[in-house]
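The chain contents come next:
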Amino acid sequence: MEAFDKYFVDPTFIVDDFHGRSIGCIWCHGGDNSSMNRDVAHQGLITDPSAAPSDSCTPCHQATVENHMASLHYDTGGMFDAITRRAGDVSNAKFAKIQTGFQNHCATCHASCGSCHVSRPSAAEGGFLEKHIFQKTPSIQYNCTACHSSRIGDEYMGRNEGCLPDVHWLSEGMLCQQCHAVEQLHGTGQQYDNRYQTMPRPQCVDCHDVVDDGNAFHAHHAEPNREGPDFVGASLTCQVCHSGRYKNCFRCHTGIDDQGLTYFQTDSSVMNFKIGRNPIASDLHPEDYTVLRHVPTTPDLFAFYGENLLPDFDVLPTWKFATPHNITLSTSQAESCNACHGNDEIFLTAADLEDDEVEANQSVIVNGAPQPLSE
Amino acid sequence: MAKHKLSLALYLCLLGGLFFLAACENELPILHVYDADGNDLLAMDSGDSCLACHADAEYLQHELEVYPVEEPATSEESAGEG
């Protein structure tokens, strides 16, 4: 984005936008609005006021800000929870090194109020959305998928070679907020360990009734039919049948280069599709099997900051519960019963694991595909 | 003679003042945005001078060319949750 687009403010901001008309500039941004000298006017400038929303946004949006500050979007708590659990003892000196690494590399993805309602997120190089005019509804292109890009945006919009867009996008042009309620995005004040716990959460069955719909696959495998007469003993998440190949990332390493700049590097990502046991089986996600996505964490993720900082690395799998956003009605694995049964290639087995993640994934791998059926 | 010196001094003061104003004119952006009723919208901003620069496209473009903003350096390979 050109620098101009990051700093040009629509002149009507102070007329048509409530924030501009009622608040002005320095309430949020600080600085000295009595000076026409650039350096003086910019002294004490706050470039992202909502990075500390309690100062700028709370006076008018108190409830929303309080909820947001407990949300995963704000505190990146999902990543921090996983790192903390892999770290084990959080009271030791090693954990301080992990926190430094986390702040340098992981926490930079957090979203402030302005990251969605005024600008593009800083993780995506920032820049005004509409010349500083506040946007009640964020842009799927410049906000949501600016961060949730390669694993959500590219899959949803079919940008991966040979992969179809999600039918909800292709046929209906559905935007993120049509499934993800504002309460889920802003947060409700409740702190969660990961996004699969957040409430309210979208569920396919909110729109698609799979009970008594005449679909044999649903009768055999859909969780809502678990007590039904045709259920065959293993419930599947919807994505097992309706998702295509998705992106998996491997072996992230972090550090600081010779110029003092933080960096992270990953191996090449891989498009594939793997079914395994549900690692977060619970009342919220009771399915037996799900698709699993590899996250790029490694035992030496923070090796730059110290030795053996993640001694309990194996407490969580590196192949995680996933909900790829590339849903289609027809998929190759759901063409017939034996497109899945007997098809070892689409199941996560020990052969798919790196040596240093075998233990971590014992709870999610299977020995192979279920036996083929006589059609 | 003294009268002529005083006139010259006044003339020089006047000339200096004009140069000063001209310099200010060049240095400071002068932007007015009027609504349909002829009201100066920037004047409504309680003396806020920020938009005098940030809402003047031509001036801002010029400023950014002369005083480019240094973006935070990074060597990240990629960004976002991915």
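One numbering rule holds for all chains: residues counted from 1, following each sequence as written. Both sets of labels track the order of writing: A upward for chains, 1 upward for ligands. The model is predicted, so local features are restricted to residues of pLDDT at least 70 and side-chain atom pairs to those at 80 or more, both for listing and for counting; the totals for chains, interfaces and linings are taken over all residues.

*Asks:* Whenever I open this one, the overall build of chain A confuses me. Can you help?
*Replies:* Numbering of helices and strands runs from the N terminus; a helix is a DSSP stretch of H or I covering at least four residues, while a strand is a stretch of E covering at least two. Helix and strand counts for chain A stand at 17 helices and 7 strands. Computation of the radius of gyration draws on C-alpha atoms, with the globule rule given as 2.2 Å multiplied by the number of residues to the power 0.38. Taken over C-alpha atoms, the radius of gyration comes to 23 Å for chain A, in line with the 21 Å a tight globule of 375 residues would show. Counting only C-alpha atoms and orienting by the principal axes, one finds that chain A spans roughly 80 × 50 × 35 Å. In chain A, buried positions account for 35% of the 375 residues. Taking as baseline every contact in chain A between residues at least 6 positions apart, the subset at least 24 positions apart corresponds to 62%. Counting other C-beta atoms within 10 Å of a residue's C-beta gives its exposure: the residue is buried at 20 or more, exposed at 12 or fewer, and partly exposed in between, where C-beta atoms are placed from the backbone. In this description, a residue-residue contact is defined by the distance between C-beta atoms placed from the backbone, which must lie within 7 Å.

*Asks:* Sorry, what's going on with the pairing of strand β3 (residues 262-265) of chain A here?
*Replies:* Along any regular strand, the residues point their side chains to alternate faces of the sheet. All names here are of chain A. For two strands to count as paired, DSSP must find a minimum of two bridges between them. As defined by bridge partners, strand β2 (residues 253-256) adjoins β3 across 4 bridges and the pair is classed as antiparallel. Looking at β3, one finds that Gly 255 is bridged to Tyr 263. Linking two consecutive strands that pair antiparallel, namely β2 and β3, is a turn of 5 residues; a positive phi of about 80 degrees is found at Gly 260 within it.

*Asks:* Quick question: what am I supposed to make of the environment of A:Thr290 here?
*Replies:* Residue and element names in this part refer to chain A. Looking at where Thr 290 falls in the secondary structure, it is placed in strand β6 (residues 289-294). Remark: the alpha-carbon pair of Thr 290 and Ser 54, spanning 236 residues in sequence, is separated by 40 Å. Residues in contact with Thr 290, not counting those within four places in the same chain, are Thr 237, Gln 239, Val 240, Asn 278 and Phe 321.

*Asks:* Is there a simple way to explain the nonpolar core in this structure?
*Replies:* Residues and elements named next belong to chain A. If you look at the biggest cluster of nonpolar residues, it comprises 18 residues, and the most contacted ones within it are Ile 83, Ala 87, Ile 98, Phe 302, Leu 309 and Leu 310. Those elements that provide at least two residues to this core are α9 (77-87), α10 (93-106) and α12 (140-147). Sequence-distant contacts of Ile 83, defined by excluding residues within four places in its chain, comprise Ile 98 and Phe 102. Note on definitions: a nonpolar core is a set of buried residues drawn from Ala, Val, Leu, Ile, Met, Phe, Trp, Tyr and Cys, linked by C-beta atoms within 7 Å. Judged by nonpolar contacts, the second largest core, of 17 residues, contains Cys 238, Tyr 289, Leu 292 and Phe 321.

*Asks:* Just checking my understanding: could you explain the packing of α9(A) against α10(A) for this structure?
*Replies:* Packed helices, taken two at a time, are described by their axes: the angle between them and the distance between them. Residue and element names in this part refer to chain A. The contact between α9 and α10 brings their axes to 11 Å, and the two run at 155 degrees. In terms of orientation, α9 lies roughly antiparallel with respect to α10. The element α9 and its partner α10 pack so that their crossing is right-handed. The segment α9 lies against α10, with Met 79, Phe 80, Ile 83 and Ala 87 engaging Phe 95, Ile 98, Phe 102 and Cys 106. Orientation is described by lines fitted to C-alpha atoms, with helices fitted over the stretch in contact, and by angles between N-to-C directions that extend from 0 to 180 degrees. Here is the rule for angles: anything less than 35 degrees is roughly parallel, anything more than 145 is roughly antiparallel, 65 through 115 is roughly perpendicular, and the remaining ranges are oblique. Handedness of a crossing is defined here by the sense of rotation of the near helix relative to the far one, left-handed for an anticlockwise turn of less than a right angle and right-handed for a clockwise turn.

*Asks:* What is the right way to look at the domain arrangement of chain A in this model?
*Replies:* Accessible area lost on assembly of the parts is the figure often given for the size of an interface. Residue and element names in this part refer to chain A. According to the domain assignment, chain A consists of domain 1 (1-38) and domain 2 (69-361). Where each domain starts and ends follows an automatic or database-derived domain assignment. For domain 1 and domain 2, the distance between their C-alpha centroids amounts to 37 Å. For this classification, the nonpolar set comprises Ala, Val, Leu, Ile, Met, Phe, Trp, Tyr, Cys and Pro, the charged set comprises Asp, Glu, Lys and Arg, and every other residue, Gly included, is treated as polar. Of the residues that constitute the side of domain 1 that touches domain 2, the class distribution is 4 nonpolar, 1 polar and 4 charged.

*Asks:* What is the right way to look at α12(A) in this model?
*Replies:* Along an α-helix, residues three or four apart share an orientation, since each turn contains 3.6 residues. All names here are of chain A. Of all the 8 residues making up α12, 6 are buried; the element is thus mostly covered by neighbouring parts of the structure. Among the residues of α12, Ile 140, Asn 143, Cys 144, Thr 145, Ala 146 and Cys 147 are the ones counted as buried. For α12, the secondary structure elements touched by its buried residues are α11 (113-117) and α13 (149-156).

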